[in-house]
Amino acid sequence: MKYVDLFCGIGGFHQGIERVFPDAECIFASDFDFPVSEVYKNTYGIDCYNDIKLDETHEKLEKKIIENNGQFDILFAGFPCQSFSKAGNQKGFKDTNKGILFFQVADILDKYHPRFAILENVRNLVSHDNGRTWDTIYKKLHNIGYTVDKHMVSPHYLGIPQLRERIFIVCIYDPNHEIENINIDWPERLNLNTYNFVGRDINEFLDEKVDKKYYIDDDKINIINIWEELRISVEKNGGKFISPIWSYYLNEKPIPASYPKWKQKLIEKNKKFYYENRKIIDEWKEKYNSLKFTSRSNRKFEWNASTSIDSVWDGIIQFRPSGIRVKNNKCFPTFVAINQTPIIGKYKRYITPLEISKLYGFKDLKLDLKDDKQSYKQLGNTVCVDIVEYIIQQLFNNYDDNGGNL
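These numbers were taken from a predicted model, which means no experiment stands behind them. (Residues numbered from 1 in each chain as written. Predicted model: local features only at pLDDT ≥ 70, side-chain atom pairs only at ≥ 80, totals over all residues. Heavy atoms only, no water.)

1. Considering the pattern of salt bridges
A complete count under the given rule lists 22 salt bridges for this structure. Note that Asp 129 is salt-bridged to Arg 132, the shortest N-O span being 2.9 Å. Of the residues examined, Arg 132 reaches a relative accessible area of 46% and is grouped as partly exposed. Here Glu 276 makes a salt bridge to Lys 272, at a shortest N to O gap of 2.6 Å. One end of the pair, Glu 276, and the other, Lys 272, are both in helix α7 (residues 261-276), four residues apart, so they sit about a helical turn from each other. For the pair Glu 276 and Lys 272, one class covers both residues: exposed. (Salt bridge = Lys/Arg side-chain N within 4 Å of Asp/Glu carboxyl O. Buried < 20%, exposed > 50% of the residue type's maximum accessible area, 1.4 Å probe, protein only. Helix = DSSP H or I, 4+ residues; strand = E, 2+ residues; numbered from the N terminus.)

2. Examining a nonpolar patch on the surface
Together, Phe 32, Phe 34 and Tyr 49 line one region of the surface with nonpolar side chains, adding up to about 320 Å² of accessible area. Examined against the element boundaries, Tyr 49 turns out to sit in the loop between α2 (34-44) and α3 (55-67). A residue is classified by how much of its surface remains accessible, and Tyr 49, at 37% relative accessible area, is partly exposed. (Patch = residues over 30% accessible without salt bridge, like charges linked within 9 Å, V, L, I, M, F, W, Y side chains within 5 Å. Areas by Shrake-Rupley, 256 points an atom, 1.4 Å probe, with all protein chains shown as cover.)

3. As for unusual backbone geometry
Cis geometry is found at the peptide bond from Ser 243 to Pro 244, where omega equals 0°. You can see Pro 244 is positioned in the loop between α6 (218-236) and β7 (245-246). Located in the positive-phi region is Asp 364, a residue other than glycine, with phi close to 55°. With respect to the secondary-structure elements, Asp 364 resides in the loop between α9 (353-359) and α10 (372-380).

Okay, structure coming up:
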C-alpha cells in the first residue's frame, strides 16, 4: 500500500492508514509550513517541506512515483480551509494564494489516477458560495474519472469527546462511472445540544500532572468568578440566567436603530433580564465597576451548558474574541488554529498539546513542546486519526484493488 500525503500537517492521515495497513509506505509528503514539516520529519522520518505550487515539487513527486513503478494507491489531501471557512476570508477560489490549491490536487489525480483519494476540509465547503464551490469540486473530480462521495464526520460521532465536524470527500477512480454510490457506512451525527453525549470520558485523555504553565492566571479566575457570582445571585433569587449576556447592555439606554435586527433582539433580551433582576445587577455592576477594568470581550458571557452542570467550574471554558463561553463537560469544543484553547474548569487549566494529540488518536507524535503556540496551531489544523482509520477501513472492506465491489 503506497500513498501520497499532500498538505500533510502533522500526519493525521499518515497515522490513520498505518493503523489499517501497518506496512503502508508514504512515497511523498508535502506541507509548506516549516514548523509542521519539522514535526512530520521528526515523527515519521520524511522530509515533507515542499510547496505544491512550485514545478520543482511536482518534479520531485513524479520522480518518487516513477521509482514506485509509476503508481501509488491512495492520495490524501487536507487542502487549506481558510478560503472556505466561516472563520476565514471566504474568498473561495478567488483566493489565489490558498483558495485554488484544490486544483493542484485535481491535477495530480488527473495525471496519475490513484485508485482512491480522501480529501478533507471545513463543513462550510459544501455550502460556500451558495453551493457553487462544491459543484465545481464535484464536477472536476467527476470529469477526471472519479466516483465521489462526501460526508460530514466529527470525532464525537465515534464516541470521542470532541466536536470537530469536517467534510471528508472519498473518491474511487472509476472512469466509466459504473459505481453509482460509494458504499460507506457513515457514522450518524449525534446531537450535542441535548447534553446527553454518550462516549469516552474526557478524563481518559487527561494527564494527572502537567506543567504549571498550563494553569490559568488569577485575572482569568477572577473574571470567571465574577460572572459566576452574578449567575448564582440571579438563580438564588428565583431568576433565570440568560445567554448571551453583554454587561454593557444591562441598563436603560435606548437600542441604536442602526443595529441589525438580530442584535437588537439580543439586546432587548438583555434589557428584559436587567429589568427583572435590576437590584442584583446594579449591585453587581457597582461592585465590579461594570467590568470596565477588563477587555470588552470579557464583558460578554455565554452559558451554553443548559442544566448539565451546576457551576461554571464544572464546565469547559473558552476565552474567545466574542466573549467567555461555558459548555458542558462531556465533550470538548472545536479546537481551532487560533488561540481559543479550552480550559478544563475543575482543574483551572488549559488542555495541553499532548492531551489534544491523545484525543485525536496520535501516538508518539514529536511535537515541539517548547513552542505551545505552534503545537496548538498544528493540532487545530489536523484531522482525527480515528476518523481516517474508520473511513479507510470502510473503503477497503467494500472495494477491491480495482475499485469494484467485493
